[in-house]
Amino acid sequence: MKRQTITLLSLTGALVLCAGGYAVLAFTPQEEEAPAVALTSAADELTAASWQIAGTTISFVKTDDTWHLEGQEAFPVDGEKVLTALTALAPLEAQPLSEQAEDSSTYGITDDSDRVTLTTADGETVIRFGDDNPLGTGRYCAPEESGSIYLADTTALDALTTDAMDFIEMEEVPDMTDTVRWSIESGQAAVQVLSRQQDEGSLDGFAWENAAGEPLDTSSVESTLAYLTGLSYLRCAAYAPQDLAEYGLETPQATVRVTYRDAQGQEAEMAWQLGLQTDDGFYARPEGSDDVYVIDAALGQAVLDGAAADFSAKQPFHLAWDNAASVLLETQDTKTEMEIVREISDESESNSTSSIEASYTVDGEAADAAKAAQWLNDWNALTVTGQAESFDGETWFTMTVTPLDGEPVVLEWAKTEEAAAVRQGDGVWKIVDMNAVQTLLEFWNASEQTTSESTS
């Protein structure tokens, strides 16, 4: 009895499947595998292309190998973007249906359907697109005047858009790597930075300064500058808009100016304005441009932060400690010198990678490399708490830092009971934390030497 029940259920299922299959055959044309045929010519043969999607049309014409919007030759079209969009359509391969209904509307193809018009020297081809087939494996299409229905790839129209801004040729951003100077102007405030001023007293050979010639904090300056010289556009938001206020550019939040040296070594300027924030970034407009672009949100925020930033020097001296060959500390009675030797060593038999190993000696005796390197880093990490034209303290010691290439840099140190100060040459005194300097001097037990010197 149980076995008979299973058999009856199986037969019932078979009847249901047969009925479903009959419905498909009755209302859906047969789509047998057939060789695909090319309905359009290759992209490089096209002289014009237009498409209507969801009732909106966009048209391009090619003249002397240059694409432009039909009726708007001044609109800067990026031909590569047009050809990319046409890649799936030229040539468009489709599979002819083995059985076809007389009424094309059966396939969703009507006068209002999406359509593509492609023009070559031989004439014009218009293809209308209808529904996806029930299996979801293709989309019905019909070349006009052919009287036939084909099955094209479902993604045939995916690359097409009816927004002309998606095809605009955006303005080129120059290479601003060799920066001469830059500024951010915002409201009544302006931040002016002069880049790489020659400074023989610096181990780097240059220093960052503001317009008044005051030293600036290298890391802060270069952090902001990295954003500015990395300017790029995410998209074009508007072509020659009449109302800049809509984008916050009638009265910009900030104006950025970067002066750089081009490939010929000539100075040039890139200036642009920062507008309102939008969903995917900030509006921006190059000075003198007709177009409004969108830039990355991080870049826009870096400009706003830079306009309010204090770039004044946070370090008492601008020295490349990783380039030092020796450091000499002197009081009236004592001298203590660290010498640094750097060697390039191969890390693999193939010599594909290498590293620099440094060894340190203090007054001729080998020093712990890790502690010595940290000691140099700690000197570099000192920050100022203030500065003054004069400092009412007693002479403490001098430090002479000699780079691998270049002249030695001499730093004069003085102290009071509460604070230490350092100056380079005839410069201003930079006030630093006394305890921090005392801790650094303990590396050589220099604190005992300097204490006895101070007492005498």
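Just so we're clear, the structure is a prediction, and the values are computed from it rather than from any experiment.

So, how was this worked out
- Residues numbered from 1 in each chain as written.
- Predicted model: local features only at pLDDT ≥ 70, side-chain atom pairs only at ≥ 80, totals over all residues.
- Heavy atoms only, no water.
- Salt bridge = Lys/Arg side-chain N within 4 Å of Asp/Glu carboxyl O.
- Helix = DSSP H or I, 4+ residues; strand = E, 2+ residues; numbered from the N terminus.
- Buried < 20%, exposed > 50% of the residue type's maximum accessible area, 1.4 Å probe, protein only.
- Core = buried A, V, L, I, M, F, W, Y, C linked by side-chain atoms within 4.5 Å.
- Contact = heavy atoms within 4.5 Å.
- Axes fitted to C-alpha atoms, helices over the stretch in contact; angles between N-to-C directions.
- Parallel < 35°, antiparallel > 145°, perpendicular 65-115°, else oblique.
- Left-handed = near helix turned anticlockwise from the far one by under 90°.
- Nonpolar A, V, L, I, M, F, W, Y, C, P; charged D, E, K, R; others polar.
- Polar contact = N/O pair within 3.5 Å; in protein donor to acceptor, adjacent residues only side chain to side chain.
- pLDDT = per-residue confidence, 0-100.

Moving on, we get to the pattern of salt bridges. Per the counting criterion, the structure on display carries 12 salt bridges. Put simply, Arg 257 and Glu 185 hold a salt bridge, and the shortest N to O gap is 3.5 Å. Linking Arg 257 in strand 14 (residues 254–261) with Glu 185 in strand 10 (residues 179–186), this pair joins segments that are 72 residues apart in sequence. Residue Arg 257 is classed as partly exposed on the basis of its relative accessible area, which comes to 23%. Between Glu 269 and Arg 257 there is a salt bridge whose closest N-O contact spans 3.4 Å. Here Glu 269 is found in strand 15 (residues 267–278), whereas its partner Arg 257 is found in strand 14, with 12 residues between them in sequence. Here the salt bridges share partners, and the residues they tie into one network are Asp 111, Arg 115, Arg 128 and Glu 144.

Grouped together as the largest cluster of nonpolar side chains are 60 residues, with contacts concentrated most on Phe 129, Trp 182 and Trp 272. With four residues, the top contributor of residues to this core is strand 14. If near-sequence neighbours (up to four positions away) are discounted, Trp 182 is found in contact with Val 191, Gln 192, Val 193, Trp 208, Val 221, Thr 224, Leu 225, Leu 228, Arg 257, Val 258 and Phe 311. Grouped together as the second largest cluster of nonpolar side chains are 29 residues, Leu 329, Trp 379, Leu 411 and Leu 441 included.

To continue, consider the packing of helix 3 (residues 218–229) against helix 4 (residues 297–308). Two numbers describe how helix 3 lies on helix 4: the axes approach to 9 Å, and their chain directions differ by 135 degrees. One element, helix 3, and the other, helix 4, form an angle in the oblique class. Of the two elements, helix 3 crosses helix 4, and the hand of that crossing is left-handed. Residue-level contacts link Thr 224, Tyr 227 and Leu 228 of helix 3 to Ala 298, Leu 299, Ala 302, Val 303 and Gly 306 of helix 4. Taken together, the residues of the contact of helix 3 with helix 4 sort by class into six nonpolar, two polar and no charged.

So, about the environment of Asp 103. Secondary-structure assignment places Asp 103 in the loop between strand 5 (93–96) and strand 6 (114–120). Looking at Asp 103, its side chain comes within polar contact range of the side chain of Ser 105, at 2.7 Å.

Next up on the list: the confidence of the model for the chain. On average, residues of the chain carry a pLDDT of 83, and 85% of them reach 70 or more. Averaged pLDDT values for the elements of the chain fall to 35 in helix 1 (residues 2–27) and rise to 98 in strand 16 (residues 281–286). Across residues 1–30, confidence stays below pLDDT 50; counting only partners more than four residues off in sequence or on other chains, it has 10 contacts. A low-confidence stretch, residues 446–456 (pLDDT under 50), is modelled with 15 contacts involving residues beyond four sequence positions or located in other chains.

Below, the discussion takes up the packing of helix 5 (residues 369–380) against helix 6 (residues 434–441). One can describe the packing of helix 5 onto helix 6 by two numbers: an axis separation of 10 Å at closest approach and a directional angle of 160 degrees. Relative to helix 6, helix 5 is oriented roughly antiparallel. The handedness of the crossing between helix 5 and helix 6 comes out as left-handed. Across from Trp 375, Asp 378 and Trp 379 in helix 5, the residues of helix 6 making contact are Val 437, Leu 440 and Leu 441. Looking at the contact of helix 5 with helix 6 residue by residue, the classes come out as five nonpolar, no polar and one charged.

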